[in-house]
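So you can see what is in the structure, the chains are spelled out below.
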Amino acid sequence: MNLALSRICAVAVLLLGIALSFWNVFGAPHDWEGSMKWLRLPLWLAVPGLISASAKLMFPSGTTDRAR
């Protein structure tokens, strides 16, 4: 993947992770009952995954990058 395109995707994924985190703190319904309350845990676990995926997209560790 092109380095510029990879970094643009990294910024988009990072902003998605931050937006999901803010929504989970401030906007998600805190009165979710039953099976819907179990949806909040995967949402919380998705945030660090998105941020780490953003870091991997921003700074790829490939053989082509080592030559630069």
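Only a predicted model underlies this, so the values are computations on that prediction, with no experimental measurement involved. (Residues numbered from 1 in each chain as written. Predicted model: local features only at pLDDT ≥ 70, side-chain atom pairs only at ≥ 80, totals over all residues. Heavy atoms only, no water.)

Caption draft 1: Representation of the overall build of the chain in the model. When helices and strands are tallied, the chain shows three helices and zero strands. Tracing the chain from N to C terminus, the helices and strands come up as α-α-α. For the chain, the residues scored as buried account for 18% of the 68 residues in total. Looking at the chain alone, contacts between residues at least 24 apart form 61% of all its contacts between residues at least 6 apart. (Helix = DSSP H or I, 4+ residues; strand = E, 2+ residues; numbered from the N terminus. Buried < 20%, exposed > 50% of the residue type's maximum accessible area, 1.4 Å probe, protein only. Contact = heavy atoms within 4.5 Å.)

Caption draft 2: Broad picture of the environment of Leu 3. Relative to the helices and strands, Leu 3 is located in helix 1 (residues 3-27). Owing to a relative accessible area of 24%, Leu 3 belongs among the partly exposed residues under this scheme. Separated by 55 residues in the primary sequence, Leu 3 and Met 58 have C-alpha atoms spaced 8.2 Å apart.

Without other data, these values stay purely geometric and don't point to any function.
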